[in-house]
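Read off the chains here:
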Amino acid sequence: MNASSNLKCRSCGKENTVKTYSCINVGKNPELKDKVLDGSLFIWECDSCGARNLVSDPMVYIDPSEKLIIVLSPETLSFEIPLEGEFSGFSSRQVGTIGELIEMVKIFDAGLDDAVIDLCKQVSSMEMEKPDAKFKFLRLDGADNEIIFTFPEDGEMKMIAIGFNVYEDCKAIIDGHRH
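Residues numbered from 1 in each chain as written. Predicted model: local features only at pLDDT ≥ 70, side-chain atom pairs only at ≥ 80, totals over all residues. Heavy atoms only, no water.

### Some details on the sheet that holds strand S11 (residues 156-162)
- Strand order in the open sheet formed by three strands is S9-S10-S11, with antiparallel pairing between adjacent strands. With one partner strand each, in any of the chains shown, strand S9 (136-141) and S11 form the two edges of the open sheet. Direction aside, neighbouring strands of the sheet carry axes that sit 30° apart on average.
- Helix-sheet contacts for helix H3 (residues 114-127) involve S9, strand S10 (146-153) and S11, and the interaxial angle to S10 is about 60°. (Pairing = 2+ DSSP bridges. Helix = DSSP H or I, 4+ residues; strand = E, 2+ residues; numbered from the N terminus. Axes fitted to C-alpha atoms, helices over the stretch in contact; angles between N-to-C directions. Contact = heavy atoms within 4.5 Å.)

Structure (structure tokens):
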């Protein structure tokens, strides 16, 4: 569901009418998935000064093929999504930023478990002796399904590849605690 919102430019303060989305169902509008993944869905240009701005309105992302519902809201929400009928068997997540939404979509598209990926990040940061590293899932890569994370360091984005065996070990740990 899209609408028009009056948003103020962060640079010049002029109000612009911007196309925004409160709910995206990529099963019904598959062209929007690429715009979510590359971030272009969330960027608008000011009519007055040309500055690029982010749409920061909350929204719901639905991907029926991945059986996934993601709520994007910077504030913690207390709600229940009725995961029945059309949404039976769906996983639901809440994220606070556009970057977290993009990462979550990538994780589910890769067929991975986000809790396991979080544990892989922790293990990798400990092994690298970088406890404050902010790892982000980028993709699975190569025939061995290496997991590629990015992270900022010294003002640059770096990449690290971890073996899929790390994911499998972390999954076994988490699965052991789920039962």
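### Overview of the environment of Tyr21
- For Tyr21, the location among the structural elements is in strand S2 (residues 15-21).
- Considered as a pair, Tyr21 and Val36 are 15 residues apart in the sequence and their alpha carbons are 11 Å apart.
- Within the structure, the side chain of Tyr21 is placed 3.5 Å from the side chain of Lys19, a separation counted as a polar contact. (Polar contact = N/O pair within 3.5 Å; in protein donor to acceptor, adjacent residues only side chain to side chain.)

### Description of helix H2 (residues 98-109)
- Taking 1.5 Å per residue as the helical rise, H2 with its twelve residues ought to reach 16 Å, and the 17 Å between its terminal C-alpha atoms agrees with that figure.
- Where H2 is concerned, the buried positions are Ile98, Leu101, Ile102, Glu103, Met104, Val105, Ile107 and Phe108.
- Downstream of H2 by one or two residues, Gly111 has phi in the positive range, about 75°. (Expected span 1.5 Å × (residues − 1). Buried < 20%, exposed > 50% of the residue type's maximum accessible area, 1.4 Å probe, protein only.)

Scope: geometric values only; no functional claims are made or implied.
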